[in-house]
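The primary structure of each chain is shown beneath.
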Amino acid sequence: MTGRLITVQQKRMFMRLRIEGNTPQRAAAKSGFSTATAYRIEHGHLPAAAQAPRQRRRPDPLEAVWETEVVPMLFAGPGLRAIAVLEELARRHPELDPGIRRTLERRIKLWRGLHGPAQDVMFGQIHPPGELGLSDFTDLAKLGVMIAGATLDHILYHFRMAHSGFEHGHVILGGESYSALAEGLQNALFALGGVPLKHRTDSLSAAFRNLDRDAIDDLTARYAALCAHFDMEPTRNNTGVAHENGTIESAHGHAKKTIEDALLLRGSRAFEDLAAYRRFIDEIFARHNARRGKAIAIERATLRPLPADRTIDYEETLVRVTSSSGFVLRKVFYSVPARMIGQRLRIRLYDDRLECFLGASHVLTLARGRADHATGKHGHVIDYRHVIHSLRRKPGALRNLVYRDQLFPRPAYARAFDALTAQRSDRSACKITVELLALAHDYACEAELAQALEAELEAGRLPCLDTLRERFRPATASVPVVMIEAVSLGLYNEIGAIRGGDVA
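Quick caveat, the model's predicted, so the values are computed rather than measured. (Residues numbered from 1 in each chain as written. Predicted model: local features only at pLDDT ≥ 70, side-chain atom pairs only at ≥ 80, totals over all residues. Heavy atoms only, no water.)

1. Points about the sheet that holds strand β4 (residues 155-161)
Operational definition: Strand pairing is defined by DSSP finding a minimum of two bridges between the two strands. Strands are runs of DSSP state E lasting at least 2 residues, helices are runs of H or I lasting at least 4, and numbering of each runs from the N terminus. Convention adopted: a line fitted to C-alpha atoms gives each axis, helices being fitted over their contacting stretch, and angles between N-to-C directions are expressed from 0 to 180 degrees. Contacts: residue pairs with any heavy atoms within 4.5 Å of one another.
One open sheet holds the 5 strands; their spatial order is β5-β4-β1-β6-β7, and the pairing between them is mixed. Only two strands of the sheet have a single partner each, and these edge strands are β5 (167-172) and β7 (233-236). Strand-to-strand twist across the sheet, computed as the mean angle between neighbouring axes with direction ignored, equals 20 degrees. Note that strand β1 (residues 132-139) and strand β6 (residues 198-201) share 3 bridges and pair parallel. If you follow G133 over to β6, its bridge partner there is H199. Across the face of the sheet, helix α7 (residues 178-192) comes into contact with β1, β4, β5 and β6 while running at roughly 40 degrees to β4. Helix α11 (residues 274-291) rests against β4 and β5 of the sheet, and its axis sits at about 165 degrees to β5.

2. As for helix α3 (residues 35-43)
Spelled out, the test is: Burial classes: relative accessible area under 20% of the type maximum marks a residue as buried, over 50% as exposed, and values in between as partly exposed (1.4 Å probe, protein chains only).
Considered for burial, the residues of α3 that qualify are T37, A38, Y39 and I41. The elements touched by buried residues of α3 are α1 (8-19) and α2 (24-31).

3. Things to note about the packing of helix α4 (residues 66-76) against helix α5 (residues 82-92)
What counts here: What sets the label is the angle itself: under 35 degrees gives roughly parallel, over 145 gives roughly antiparallel, 65 to 115 gives roughly perpendicular, and the rest give oblique. Less than a right angle of anticlockwise turn of the near helix away from the far helix marks a crossing as left-handed, whereas a clockwise turn marks it as right-handed.
At their nearest, the axes of α4 and α5 sit 11 Å apart, and the two run at 140 degrees to each other. With respect to their mutual orientation, α4 and α5 come out oblique. As α4 runs across α5, the sense of the crossing is right-handed. Two secondary-structure elements touch here, α4 through E69, V70, M73 and L74 and α5 through V85, E88, L89 and R92.

4. Describing the pattern of salt bridges
The criterion, for reference: We define a salt bridge as a contact between a side-chain nitrogen of Lys or Arg and a carboxyl oxygen of Asp or Glu at a distance within 4 Å.
On inspection of all chains with the given rule, the structure shows 31 salt bridges. The salt bridge partner of R404 is D405, with a shortest N-O separation of 3.9 Å. Look at D405 and you get exposed, because its relative accessible area is 57%. What emerges from the salt-bridge pattern is a single network uniting E69, E88, R91 and R92.

5. What about a nonpolar patch on the surface?
Definition in use: Residues enter a patch when their relative accessible area is above 30% and they make no salt bridge; the linking distance is 9 Å between like charges and 5 Å between nonpolar side chains (Val, Leu, Ile, Met, Phe, Trp, Tyr). Note that accessible areas follow from Shrake-Rupley with a 1.4 Å probe, and for residues the cover is restricted to the protein chains shown.
A surface patch of nonpolar side chains, amounting to about 540 Å² of accessible area, comprises V487, L489, L491, Y492 and I495. Here Y492 is to be found in helix α19 (residues 490-503).

6. Examining the sheet that holds strand β8 (residues 270-271)
Here we have 3 strands laid out as an open sheet, ordered β3-β2-β8, and mixed in their pairing. Of all strands in the sheet, those bounded by a partner on one side alone are β3 (150-151) and β8. Note that strand β2 (residues 146-147) and β8 share 2 bridges and pair parallel. Opposite I147, over in β8, you have F271 as the bridge partner.

7. Some details on the confidence of the model for the chain
Do not read the predicted coordinates in detail wherever pLDDT is low. Stated formally: As a per-residue measure, pLDDT tells how confident the predictor is, with possible values from 0 to 100.
Across the chain, the average pLDDT comes to 86, with 90% of residues at or above 70. Taking the mean pLDDT of every element in the chain, the minimum, 56, falls on helix α8 (residues 205-208) and the maximum, 95, on strand β11 (residues 332-335). Note on residues 46-50: pLDDT under 50 across the span, and 2 contacts to partners over four residues away in sequence or across chains.

Next up, the structure:
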């Protein structure tokens, strides 16, 4: 019985059973204590410092194979797992007892400690206040966050100060890119309230992926200019050596677990829009920084001042609007108002949006889309308001429109089109659907009309265009009748005469 003193009677019973020829295991079991206690009784109770090494109690099961087979395996493959060695031994020697796994693992562990290759040494570092800030990205797609009913595929830009542990996170919709790094880093520095001496990232290999040499050189120069704007020294860890960025790599796991816990406490992973989800992430990091307030205050006192303005955190390019009332950028087609056909637009490409300029004038902001890299298919970002006037003149174009599915602003409109197509001719279904979109545009009732369409379809009825027009038509206000009585001009002569008499 481990952890319990044995009695004199138990000890006497054990010795009698041993004299009668019982094995130590059987005698110990009958006496009511463990086999290990039995061995200690037989060998006497020596002080811990004076105890002799434990002797082998059974034949070595690895004696026949250790030096001739196992050791050569370990020399040939230093990283070989014990379970792989055991499986290979079982294949070569079926007679070996499968219960030798623990023995094999202990022997391999001892051999590696005495004869194994030297491993990399991790050298702990001291980070003075204000010296080092680190940036990295981590994947959050597995959290299952929903935005407006759709799963959000996103990553997190993560910034951390090495000394105080100040952290900042920014939701990124695309992959790792210069614009994502520049926007997230500037947000973090302005939230911190100062600039560290150095800024460290990984090798930025994900941001450089699929770029040609000129683009890589340009991106490298832009990153250097970004750090120069904030008077920071840019540094990178070596490719494939993640522990050099360990100050933030280890923080990734804590941040993701904290976000996961907050989602569980919230009771829902669904958010109304992206802005609401970003506020949720900001609150999580704000609480983290509040707990480290004293250390952050000490570090802030050592930071360099921020520049007066932000620097460029976008990519810029020129596009021409085609006759399709849109343009293609990064394998994504974006629709724009038809009046811009033939114009050249200057595009500022951010992580989550496109800012469009005609000359020096800002004319449009578009949500950023992304192509499906798995299938190679182009993406589409379509606003039906941009093309509805032309589509009303040619409603039949809706039937085989390349971006038809992306044209519908809400699922109810797509459901209505499918129902109409099933029961009406293609021409009629296209015309009614286009008129429904026009109704949503003209009367600014997109959401309300979608609810009405859902109700009609759930009731098994097709939408009636005339009824819906009458329902959503703006109320006509009656114009009041204003009566204006003409004043006789002779009155002005009388007034003049009276004033003249007063003067006299």
